[in-house]
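Observations on the model geometry
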Amino acid sequence: MYHKRIIDRYLAEWAAKDEHKPVLLRGARQVGKSTAVRHLGEQFENYVEVNFEKQAEYKALFQENLDVTRIIPQMAAMCGRPILPGKTLLFLDEVQACPNAIMALRFFKEDMPQLHVVAAGSLLEFALEELPTFGVGRIHSMFMYPMTFDEFLEANGEHLLIEARNLSTTDKPMATPLHNKLVELMRTYMLVGGMPEVVAKWVTTHDYLQCQEVQDDIVVSYEDDFPKYRKRVDPILLRLTMRSAAVQATQKFVFTQVGGGYKTNDIKKAVEMLILAGILIPVTHTDANGLPLGSEADASYRKLLLLDTGLMLRLLNMNMGNITAITTHILTANAADLVNKGPIAELIAGLELLRYQSPNLRHDLFYWLRQAKNSVAEIDYVISHAQQVLPIEVKAGTQGGMKSLWMFMREKKLRQAVRCSLENFGAFDYADNEAEGVIRHVCICPLYAISRMQELL
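I will try to describe carefully the structure that is included in this document. (Residues numbered from 1 in each chain as written. Predicted model: local features only at pLDDT ≥ 70, side-chain atom pairs only at ≥ 80, totals over all residues. Heavy atoms only, no water.)

**Here we look at the overall build of the protein chain**
- In terms of regular secondary structure, the protein chain is built from 18 helices and 14 strands.
- The C-alpha radius of gyration computed for the protein chain amounts to 23 Å, which stays within 12% of the reference 23 Å derived for 457 residues, consistent with globular compactness.
- With respect to the three principal axes, the spread of C-alpha positions in the protein chain is 75 × 55 × 45 Å.
- Across the 457 residues that make up the protein chain, the buried fraction comes to 54%.
- Of all intrachain contacts in the protein chain linking residues separated by at least 6 positions in sequence, the fraction that spans at least 24 positions is 72%.
- Entry remark: accessible area of the protein chain is about 19800 Å², with carbon and sulfur atoms responsible for 50%.
- For the protein chain, the separation between the mean place of its 49 positive charges and that of its 54 negative charges on side chains is 4 Å. (Helix = DSSP H or I, 4+ residues; strand = E, 2+ residues; numbered from the N terminus. Rg over C-alpha atoms; globule rule 2.2 N^0.38 Å. Buried < 20%, exposed > 50% of the residue type's maximum accessible area, 1.4 Å probe, protein only. Contact = heavy atoms within 4.5 Å. Areas by Shrake-Rupley, 256 points an atom, 1.4 Å probe, with all protein chains shown as cover. Lys, Arg positive; Asp, Glu negative; His and termini not counted. Charge placed at Lys NZ, Arg CZ, Asp CG, Glu CD.)

Here it is in structure tokens:
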């Protein structure tokens, strides 16, 4: 059974155009790229899929030259199915195994603009780095991630609950029973995560242990990929770095904590490789004095998020042994403790902020940190909204427990902020007596409603 994804709409809009660039679908292994393309293929009269790892004989078509008007008729003859502009969706899967096919993508826009072509692959970013060019301006990239909480709710048949949530506002919070149900579903999402195969297993079994078996298989498949890039980084170092990132999640990443006696420069290379692979997502410090946030970013202060909470918990289990206490905490802690203790809530907030943005661009995450003598202030995430800097605190605390937020807003002369928590929808104003009584407005956005944050503001 296919579970709806956010990217479906963007792929459908692309398919509806008469002339279009070929799409390069980018993202980590097993986030659902191939499944989404096959679902799109159901809208076409013909669907042709070529997997360059399983069907290596197709590579020969791209050896002589990159003339797509020659390649496509030959490909149709080999697969025994018509490949017709306007009627066929051609899917080139595991395209990293045939670099010449990546190079050929740019010629579809010029020579066969009405043919719908999508290419995807695992560890595609590594292949792209090694190519002299792959058609900038003539290929359209889309970026895909694991399933969001909204997609998780859809997969579990909670359409009416989503509708009820979407009708709620800061002035009209959710009814308590519905709010409590969403909090419980968020607990489940923290453990299951958003990898499509794991979500499908949860939908059919509601068994955490069976989900963990699938998560373990995914982690092993990631680690099995590492030897493919032995020329760049030691596979053992990649494994150590990935597991250290799970332990250090939502903290400033400290290279010396990776262990194994590796040099800092080698660990930095490993981090960059894992970011390229989509397994780690950087959150970079910015001074946040204005937009764009990246103009004042400092990559030497960086937090690293694992791409999925479920996989992070499995990595912690491999790294630290039995993590029953963490699992028990997620399932039983009250909502405030669930947000304030441990990195899971902050991790989910960052991933959700990233995943609800347009897949047509690569997006970055930022945070703010000030380390003064006897005083450390940090804002979990900083984004742009309505041409302004918007601070986001992941906290289920009280106004008095948000000193970093007040300090940041006062210093940057901001009047609006967001508190992400497992509280119900709400808002409050704070009269800042240290700034001549300036009123600062804080919107309370539940973790289960990050997809609606822009509307709430």
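**Here's the deal with the nonpolar core**
- With 112 residues, the main nonpolar core has L447 and Y448 as its most contacted residues.
- Other than its neighbours up to four places away in sequence, L447 contacts M186, V339, A345, I348, A349, C420, S421 and L422.
- Counting residues in hydrophobic clusters, the runner-up holds 34 residues, among them I71, F108, M112 and L131. (Core = buried A, V, L, I, M, F, W, Y, C linked by side-chain atoms within 4.5 Å.)

**A few points about the packing of aromatic side chains**
- Under the counting rule described, the total for this entry stands at 10 aromatic pairs.
- Ring centres 6.3 Å apart and planes at 75° place the aromatic pair W406 and F428 in the edge-to-face group. Here F428 lies in strand 13 (residues 426–432) and W406 lies in helix 17 (residues 403–412), a separation of 22 residues in the sequence.
- By the ring-pair criterion, three or more aromatic residues cluster together here, those being F149, F152 and Y189.
- Seen from the ring of Y367, K303 lies directly overhead, with NZ or CZ sitting 4.3 Å from the centre. (Phe/Tyr/Trp six-rings, centres within 6.5 Å; stacked < 30°, edge-to-face > 60°. Lys NZ or Arg CZ within 6 Å of the ring centre and 35° of its normal.)

**Section: the sheet that holds strand 2 (residues 46–51)**
- Strand order across the open sheet formed by five strands is 2-3-4-1-5, with parallel pairing between neighbours. Edge positions in the sheet fall to strand 2 and strand 5 (140–143), since each of these pairs with one other strand and no more. Shown here is a sheet whose adjacent strand axes are inclined to one another by a mean of 20°, direction ignored.
- The pairing of strand 1 (residues 23–26) with strand 4 (residues 116–120) spans three bridges and is classified as parallel. Bridge pairing in strand 4 places L25 opposite A120.
- Together, strand 1, strand 3 (88–93), strand 4 and strand 5 form the strand contacts of helix 1 (residues 7–15), whose direction differs from that of strand 5 by roughly 165°. (Pairing = 2+ DSSP bridges. Axes fitted to C-alpha atoms, helices over the stretch in contact; angles between N-to-C directions.)

**Side note on the pairing of strand 10 (residues 381–385)**
- Buried residues dominate strand 10, accounting for four of its five residues.
- Sheet topology places strand 10 next to strand 11 (residues 388–394); five bridges connect them, and they run antiparallel. Pairing of V382 across the sheet is with P391, part of strand 11.
- Taking the residues that link successive antiparallel strands as the turn, the strand 10-strand 11 hairpin has two residues, and the phi of A386 there is positive, at about 55°.

**A few points about the pattern of salt bridges**
- This structure, assessed with the given rule, holds 21 salt bridges.
- R302 is the partner of E272 in a salt bridge, and the nearest nitrogen-oxygen pair spans 2.6 Å. Taken together, the positions of E272 in helix 12 (residues 264–276) and R302 in strand 7 (residues 297–306) put the pair 30 residues apart, joining distant regions of the chain.
- Overall, the relative accessible area of 17% leaves R302 in the buried class.
- Salt-bridge contacts for E455 lead to R452; the nearest nitrogen and oxygen are separated by 3.5 Å.
- For E455, a relative accessible area of 58% gives the class exposed.
- Each of the salt bridges in this network shares a partner with another, and the network as a whole consists of R26, E125 and R362. (Salt bridge = Lys/Arg side-chain N within 4 Å of Asp/Glu carboxyl O.)

**Brief notes about the sheet that holds strand 9 (residues 375–379)**
- Read across the sheet, four strands follow the order 7-6-8-9 without closing on themselves; strand pairing throughout is mixed. Of all the strands in the sheet, just strand 7 and strand 9 have a single pairing partner and so form its edges. Averaged over all neighbouring strand pairs, the angle between strand axes comes to 30°, with direction disregarded.
- Across five bridges, strand 8 (residues 365–372) lies against strand 9 in antiparallel orientation. Along strand 9, the bridge assignment pairs Q371 with V376.

**As for helix 11 (residues 235–247)**
- Compared with the 18 Å implied by 1.5 Å per residue over 13 residues, the 19 Å span of helix 11 between its first and last C-alpha is a close match.
- For helix 11, the full list of buried residues reads P235, L237, L238, T241, M242, R243, S244, A245 and A246.
- Those residues of helix 11 hidden inside the fold are in contact with helix 10 (208–225), helix 12, strand 6 (280–286), strand 7 and helix 13 (309–320).
- Backbone nitrogen of I236 and a side-chain oxygen of the N-cap are separated by 2.9 Å at the start of helix 11; the cap is D234. (Expected span 1.5 Å × (residues − 1). Polar contact = N/O pair within 3.5 Å; in protein donor to acceptor, adjacent residues only side chain to side chain.)

**A look at the environment of I439**
- Structurally, the position occupied by I439 is in strand 14 (residues 438–446).
- Looking at I439, the relative accessible area reads 43%, which means it is partly exposed.
- In this structure, the C-alpha to C-alpha distance between I439 and L390, residues 49 residues apart in sequence, is 16 Å.
- Excluding residues within four positions of it along the chain, I439 makes contact with R415, D429, Y430 and A431.

**A look at the side chain of R70**
- Locating R70 in the fold gives a position in helix 3 (residues 68–79).
- E64 provides the closest opposite charge to the buried, salt-bridge-free R70, at an N-O distance of 4.3 Å.
- In contact with R70, other than residues within four places in its own chain, are L61, E64 and N65.

Honestly, it's all geometry; don't read function into it.
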